[in-house]
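# An overview of the molecular structure
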Amino acid sequence: MKILWITNLLFPEAMSRMTGNCELKTTGGWMLGLSDILVEQSGVCLSVATVSNLVKSLTRIKGKNITYYVIPLGKGNIVYNKTYELYWKQIKKEVQPDVVHIHGTEFTHGLAYVNACGNEKIVVSIQGLKYGIAPYYCAGLTWKEIYRNITFHDIFKGGIYKEQRRFYRTAKLEIDILRKVNHIIGRTSWDMAYVRAINPDATYHCCNEILRKEFYDNDYWEYEKCTKHSIFLSQAGYPVKGLHQVINALPFVQHYYPDTTIRIAGRDITYNKGLWGILHFTGYGKIIKDLIRKYHMEHKIIFLGHLNAKQMKQEYLHCNLFICPSSIENSPNSLGEAQILGVPCIASYVGGIPDMMQNNENGLYRFEEIEMLANKICSVFDNVDMDMIGAMRVQAKERHNANNNVLQLLSIYNHL
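As the structure is a prediction and not an experimental result, all values here were calculated from the model.

## Section: the pairing of strand 12 (residues 321–324)
Regular strands have side chains that alternate between both faces of the sheet. Alternating positions in strand 12 separate into two faces, Leu 321 and Ile 323 on one and Phe 322 and Cys 324 on the other, with burial throughout. Pairing of strand 9 (residues 230–233) with strand 12, which is carried by two bridges, proceeds in the parallel orientation. Counterpart to Ile 231 in the pairing with strand 12 is Leu 321. Strand direction decides the pairing type here: strand 12 and strand 13 (residues 345–348), joined by three bridges, are parallel. Looking at the pairing, Ile 323 lines up with Ile 346 of strand 13. Crossover strand 12 to strand 13 through helix 14 (residues 333–340) is right-handed.

Structure below.
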């Protein structure tokens, strides 16, 4: 079976052949694990195509087990780019795929393939849904906070409201591709609801994701080895990820646990020193910086920089608590990674997260209620329920079982 994947990221193997840098420190690591297992299946021939600003013309790269096609980014894939259509026709002619799998609807190069090559034997998998995210982009922030914290970056690049409007504009193209295809892969009741609302005639296939390979060994969280009263967040680069809510809840926690700290994966969005810092200092970064000052938390909140899978795993194992505080999510793999390691978790009751917290409903809270968030944090610090954690870990192992999920995906491909 010849399979063509259309992805939003350039795989490390392809990047290594082009630049010498092969380490992935961003989202999408689950696709690497999935591709590794998929190419081991009998009769499978996998090609992976994406867009990148590293090339000026259509580039073919032969990897160990995968053939890569890299399309020039050109004017970009936020708005519709008709230039991509010619490239997709060339790729389809060369690969002659039996199945085309478009990973994600957030960008428009997948839509260009459908428009150029038709919708036959195509399946689109839901990652995030900008259509579902856009209304909650500014959740937990007032208009006064947003306008009071406009920065030099925001004036020239666009601030929080402009980014939200960009989500709304992209969502129209996202709806377009979902209405044009006949097969869609999802994994939560949330994305199923949106698929049924957008394209009730499409066939909805359920297939869970696998995690990065580093999370499938025998390591697991132990209370005796963790850093007490430390909280880990997997990302916080923009308002949807909810860092502002965690900081607003922290003063209530510190009354009982004054040594509480928050460690955050990703670049320091509060950094505004020097020319680089000024140019990259966003309005949301300023909001966070002001909240840290307001509550005197300068030494309590630590940005860790971009982390690879091994480094992320160590942060999970060392923290006392993992929080997924987003205003909206589908099925965050960071939560799955924490659960499969047996880390105590709490999460906002939004989107598809409740599906991942079955039998752990006590770890859920309303995104808006920072008092409840604070109380949940204190409850975990007070007492870790090891029986609940054990059950959560078993459930996560079943949900993210690599072999089962690959077999389910192949079943979908065969159906196509």
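## Let's talk about a positive patch on the surface
Among the surface-exposed residues, Lys 162, Arg 165, Arg 169 and Lys 172 lie close enough to one another that they form a single positively charged patch. Position of Lys 172 among the secondary structure elements: in helix 8 (residues 160–180). Judged by relative accessible area, which is 62%, Lys 172 ranks as exposed.

## Describing the nonpolar core
By size, the foremost hydrophobic cluster in this structure holds 108 residues, and its most contacted members are Trp 88, Leu 243, Tyr 316, Phe 322, Ile 323 and Ile 377. The element that contributes the greatest number of residues to this core is helix 16 (residues 370–382), accounting for seven residues. Those residues in contact with Ile 323 that lie beyond four places of it in its chain are Ile 231, Phe 232, Leu 233, Val 246, Ile 346, Tyr 365, Leu 373 and Ile 377. Among the nonpolar cores identified, the runner-up in size contains 33 residues, and Ile 3, Leu 9, Leu 34 and Leu 46 belong to it.

## Details of empty space enclosed by the protein
If you walk through the whole model with that rule in mind, you get two cavities of 30 Å³ or more. Size it by volume and the largest cavity reaches roughly 150 Å³. Within the residue set of the lining of the largest cavity, elements represented by two or more residues are helix 2 (29–38), strand 5 (99–103) and helix 18 (402–415). When the residues that make up the lining of the largest cavity are grouped by side-chain class, the tally is seven nonpolar, six polar and two charged. Estimated volume of the second largest cavity: approximately 30 Å³. The wall of the second largest cavity is formed by Leu 9, Leu 10, Phe 11, Val 48, Ala 49, Thr 50, Tyr 68, Tyr 69 and Val 70. Of all elements in the fold, only strand 2 (45–52) and strand 4 (66–72) reach the threshold of two or more residues within the lining of the second largest cavity.

## Examining the packing of helix 10 (residues 243–254) against helix 12 (residues 283–294)
The geometry of helix 10 relative to helix 12 is characterised by a closest axis approach of 10 Å and an angle of 10° between their N-to-C directions. The pairing of helix 10 with helix 12 is recorded here as roughly parallel in orientation. Side by side, helix 10 and helix 12 meet where Leu 243, His 244, Ile 247 and Asn 248 of the first sit next to Tyr 284, Ile 288, Leu 291 and Ile 292 of the second. Grouping the constituent residues of the contact of helix 10 with helix 12 by class yields six nonpolar, two polar and no charged.

## What about the sheet that holds strand 4?
Taken in spatial order, the eight strands line up as 3-4-2-1-5-6-7-8 in an open sheet, and their pairing is mixed. Single-partner strands in this sheet number two, and they are strand 3 (59–62) and strand 8 (203–206). Across the sheet, the axes of successive neighbouring strands diverge by a mean angle of 25°, strand direction being ignored. Looking at chain direction, strand 1 (residues 2–6) and strand 5 are connected through four bridges and run parallel.

## Topic: helix 18
With 14 residues, helix 18 ought to run about 20 Å at 1.5 Å a step, and its terminal C-alpha atoms sit 20 Å apart, in line with that. Ala 402, Asn 405, Val 406, Leu 409, Leu 410, Ile 412 and Tyr 413 are the residues of helix 18 that are buried. Taken down its axis, helix 18 places every buried residue within 155° of arc, on the same side. Opposite the buried face of helix 18, at more than 90 degrees from it, the exposed residues are Asn 403, Asn 414 and His 415. Two or three places before Asn 403, at the start of helix 18, stands the capping residue Asn 401, its side-chain oxygen 3.2 Å from that residue's backbone nitrogen.

## Re the packing of helix 14 against helix 17 (residues 386–399)
Working note: a packed helix pair is described by the angle between its axes plus the distance between those axes. The contact between helix 14 and helix 17 brings their axes to 8 Å, and the two run at 125°. Classed by the angle they form, the pair helix 14 and helix 17 counts as oblique. At the point where helix 14 passes helix 17, the crossing takes the left-handed sense. Touching Gly 336, Gln 339 and Ile 340 of helix 14 are Met 392, Arg 393, Ala 396, Lys 397 and Arg 399, all from helix 17. Residues belonging to the contact of helix 14 with helix 17 are distributed by class as follows: three nonpolar, two polar and three charged.

## A closer look at the pairing of strand 9
Neither face of strand 9 is left uncovered, since the one carrying Ser 230 and Phe 232 and the one carrying Ile 231 and Leu 233 both have all their residues buried. Across four bridges, strand 9 lies against strand 10 (residues 261–264) in parallel orientation. Within the sheet, the bridge partner assigned to Phe 232 lies in strand 10 and is Arg 263.

## Considering a nonpolar patch on the surface
A cluster of nonpolar residues, Trp 143, Tyr 147, Ile 150, Phe 152, Ile 155, Phe 156, Leu 275, Ile 278 and Leu 279, forms a patch on the protein surface that exposes about 1000 Å² of accessible area. Sorting the residues of the nonpolar patch by element identifies helix 6 (143–148), helix 7 (152–157) and helix 11 (274–280) as the ones contributing at least two each. Along the chain, Ile 155 turns up in helix 7.

## Here's the deal with the environment of Gly 342
Note on placement: Gly 342 falls in the loop between helix 14 and strand 13. Distance in space between the C-alpha atoms of Gly 342 and Ile 389 is 5.7 Å, their sequence separation being 47 residues. Look past the residues within four positions of Gly 342 in its chain and what remains in contact with it is Trp 221, Ile 389, Met 392 and Arg 393.

Definitions and limits used
- Residues numbered from 1 in each chain as written.
- Predicted model: local features only at pLDDT ≥ 70, side-chain atom pairs only at ≥ 80, totals over all residues.
- Heavy atoms only, no water.
- Buried < 20%, exposed > 50% of the residue type's maximum accessible area, 1.4 Å probe, protein only.
- Helix = DSSP H or I, 4+ residues; strand = E, 2+ residues; numbered from the N terminus.
- Pairing = 2+ DSSP bridges.
- Right-handed = clockwise from strand over helix to strand, strands pointing away.
- Patch = residues over 30% accessible without salt bridge, like charges linked within 9 Å, V, L, I, M, F, W, Y side chains within 5 Å.
- Areas by Shrake-Rupley, 256 points an atom, 1.4 Å probe, with all protein chains shown as cover.
- Salt bridge = Lys/Arg side-chain N within 4 Å of Asp/Glu carboxyl O.
- Lys, Arg positive; Asp, Glu negative; His and termini not counted.
- Charge placed at Lys NZ, Arg CZ, Asp CG, Glu CD.
- Core = buried A, V, L, I, M, F, W, Y, C linked by side-chain atoms within 4.5 Å.
- Contact = heavy atoms within 4.5 Å.
- 1 Å grid on protein atoms, 1.4 Å probe; cavity = no way out; pocket = protein on both sides within 12 Å on 5 of 7 lines; lining within 4 Å.
- Points joined across faces, edges and corners; volume = space filled by probe spheres on them.
- Nonpolar A, V, L, I, M, F, W, Y, C, P; charged D, E, K, R; others polar.
- Axes fitted to C-alpha atoms, helices over the stretch in contact; angles between N-to-C directions.
- Parallel < 35°, antiparallel > 145°, perpendicular 65-115°, else oblique.
- Expected span 1.5 Å × (residues − 1).
- Arc of directions from axis to C-beta.
- Polar contact = N/O pair within 3.5 Å; in protein donor to acceptor, adjacent residues only side chain to side chain.
- Left-handed = near helix turned anticlockwise from the far one by under 90°.

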